[in-house]
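# Residue-level structure breakdown
For reference, the chains in residue letters:
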Amino acid sequence: MQKLSMLYEGKAKRVYETDIKGVYIVSYKDDATAFNGKKRGSISGKGAINNQITNHLMQLLAKEGIPTHFVQQLSETETAVKAVRIIPLEVIVRSIAAGSLSQRLGLEEGTRLASTVLEFCYKRDDLGDPLVNSSHIKALGLATEEELELIKRYSLAVNDILSDYLAKVGIALIDFKLEFGVTEDGMLVLADEISPDTCRFWDVKTGRKLDKDRFRRDLGDVEEAYHEVMQRLLGRS
Ligand code: TMP
Ligand code: ASP
């Protein structure tokens, strides 16, 4: 497979066109940003770790019936994926209060929610990715009603599958962010990444944070936490 021109460069990944129709290559970077790009840094080895964790979890989800963009891992930092049009929504699923939910609703971090919370943010860096609801999504034409129903169903299923799976390696899935895309033949699939950049992972026994909050909040041992998650999920760091 030949990597052709770069289509898009995001904060943590680059996306390239390829010589194969309907296939892109995603290349993961070590660059890290937080707070809509206001905080910048680099986490050594993060690109390789997030690529491999994402692929591992996407393959697990595919086996459980969730369609994903995953095609084939090409190297430690590069993966072939189905070409999609990304739906401009960040879908956030929460089981335990943390981060912006705790701030907005005055809930102590670590409070178990009585039921799962599903949130949508409109992917617009210039607006700071504002929270939107189903009627905004419909009114702005961000997704069709059918797409939104599928997105909700898949997101809740991903939460069930990943929570059970991660619990087996001593990780509590606190919350996470998903993105979906539509392939050239019109299929809605899970896209983007599922990694310590996009999930909150807490050690079940100690409550230690094993995710990007270590970078966001200057907690130290950032690389070590990413390696720890990789080790627990793939048996190698
Ligand atoms: P939040 O509590 O800051 O809203 O974050 C909720 C979840 O979404 C958390 O697991 C981190 C993830 N997330 C992203 O993946 N990208 C983002 O830009 C933000 C703000 C959060
Ligand atoms: N990656 C996002 C940014 O740079 C936010 C985050 O993950 O906290 O703004």
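Just so it is clear, the structure is predicted and the values come from calculations on it, not from any experiment. (Residues numbered from 1 in each chain as written. Chains lettered and ligands numbered in written order. Predicted model: local features only at pLDDT ≥ 70, side-chain atom pairs only at ≥ 80, totals over all residues. Heavy atoms only, no water.)

### A few points about the sheet that holds strand E7 (residues 78–82)
- A sheet is described by the order of its strands in space; here five strands give the open sequence E1-E2-E3-E7-E6, paired in antiparallel fashion. Two strands close off the open sheet at either side, each with one partner strand: strand E1 (3–9) and strand E6 (70–73). Strand-to-strand twist across the sheet, computed as the mean angle between neighbouring axes with direction ignored, equals 30 degrees.
- Of the pairings in the sheet, the one linking strand E2 (residues 13–18) to strand E3 (residues 23–28) comprises five bridges and is antiparallel in character. The residue of E3 that forms the bridge with tyrosine 16 is isoleucine 25.
- Each of E3, E6 and E7 touches helix H1 (residues 46–63); the most contacted strand, E6, lies at about 130 degrees to it. (Pairing = 2+ DSSP bridges. Helix = DSSP H or I, 4+ residues; strand = E, 2+ residues; numbered from the N terminus. Axes fitted to C-alpha atoms, helices over the stretch in contact; angles between N-to-C directions. Contact = heavy atoms within 4.5 Å.)

### Notes on the pattern of salt bridges
- One pass over the full model with this rule turns up 29 salt bridges.
- One salt bridge in this structure joins lysine 13 and aspartate 192, with 2.9 Å as the shortest N-O distance. Of this pair, lysine 13 sits in strand E2 while aspartate 192 is found in the loop between strand E13 (188–191) and strand E14 (199–203), placing the two residues 179 residues apart along the sequence. The burial state of lysine 13 is the same as that of aspartate 192; both residues are buried.
- Note that arginine 94 and aspartate 175 form a salt bridge whose closest N and O atoms lie 3.3 Å from each other. Here the residue arginine 94 occupies a position in strand E9 (residues 89–96), and aspartate 175 occupies one in strand E12 (residues 171–183), the gap between them amounting to 81 residues.
- The class of arginine 94 is buried, set by a relative accessible area of 3%. (Salt bridge = Lys/Arg side-chain N within 4 Å of Asp/Glu carboxyl O. Buried < 20%, exposed > 50% of the residue type's maximum accessible area, 1.4 Å probe, protein only.)

### Points about the site of ligand 1
- Not every one of the 14 residues close to ligand 1 is listed here, only the nearest: Arg94, Ser100, Asp175, Lys177 and Arg200.
- In the environment of ligand 1, an oxygen atom lies 2.5 Å from a nitrogen or oxygen atom belonging to the side chain of aspartate 175.
- Looking at the shell around ligand 1, the elements with two or more residues in it are E9, helix H2 (99–105), E12 and E14.
- Split into classes, the residues belonging to the shell around ligand 1 amount to four nonpolar, three polar and seven charged. (Near = heavy atom within 4 Å. Polar contact = N/O pair within 3.5 Å; in protein donor to acceptor, adjacent residues only side chain to side chain. Nonpolar A, V, L, I, M, F, W, Y, C, P; charged D, E, K, R; others polar.)

### Describing the side chain of lysine 177
- Position of lysine 177 relative to the elements: it lies in strand E12.
- Judged by its relative accessible area of 14%, lysine 177 falls in the buried class.
- Here the side chain of lysine 177 touches glutamate 179 through a polar contact of 2.7 Å, side chain to side chain.
- A distance of 3.0 Å separates the side chain of lysine 177 from the side chain of aspartate 192, its partner in a polar contact.
- If near-sequence neighbours (up to four positions away) are discounted, lysine 177 is found in contact with Glu90, Val91, Ile92, Asp192, Glu193 and Thr198.

### Quick word on the site of ligand 2
- Every residue close to ligand 2 is listed here: Lys11, Thr33, Ala34, Phe35, Asn36, Gly37, Lys212 and Arg216.
- Within the backbone of asparagine 36, one N or O atom sits 2.5 Å away from an oxygen atom of ligand 2.
- Taking glycine 37, its main chain carries an N or O atom lying 3.1 Å from an oxygen atom of ligand 2.
- Taking 270 Å² as the accessible area of ligand 2 by itself, protein coverage stands at 73%.
- Among the residues making up the shell around ligand 2, the classes are represented as two nonpolar, three polar and three charged. (Areas by Shrake-Rupley, 256 points an atom, 1.4 Å probe, with all protein chains shown as cover.)

### Remarks on the nonpolar core
- Membership of the largest hydrophobic core comes to 48 residues, with the highest contact counts inside it found for Leu162, Leu190 and Ile194.
- Top element by residues in this core is helix H4 (residues 145–167). It accounts for eight residues.
- Once residues lying within four places of it in the same chain are set aside, the contact partners of leucine 190 are Met58, Leu61, Ile66, Pro67, Thr68, His69, Val158, Leu178, Glu179 and Phe180. (Core = buried A, V, L, I, M, F, W, Y, C linked by side-chain atoms within 4.5 Å.)

### Some points on helix H6 (residues 222–234)
- Between its first and last C-alpha atoms H6 spans 19 Å; for 13 residues at 1.5 Å apiece the expected length is 18 Å, and the two agree.
- Taken as a whole, H6 has its buried residues at Val222, Ala225, Tyr226, Val229, Met230 and Leu233. The arc that holds every buried residue of H6, seen down its axis, measures 135 degrees, which confines them to one face.
- On its buried side, H6 packs onto H1, H4, E12, E14 and helix H5 (213–216). (Expected span 1.5 Å × (residues − 1). Arc of directions from axis to C-beta.)

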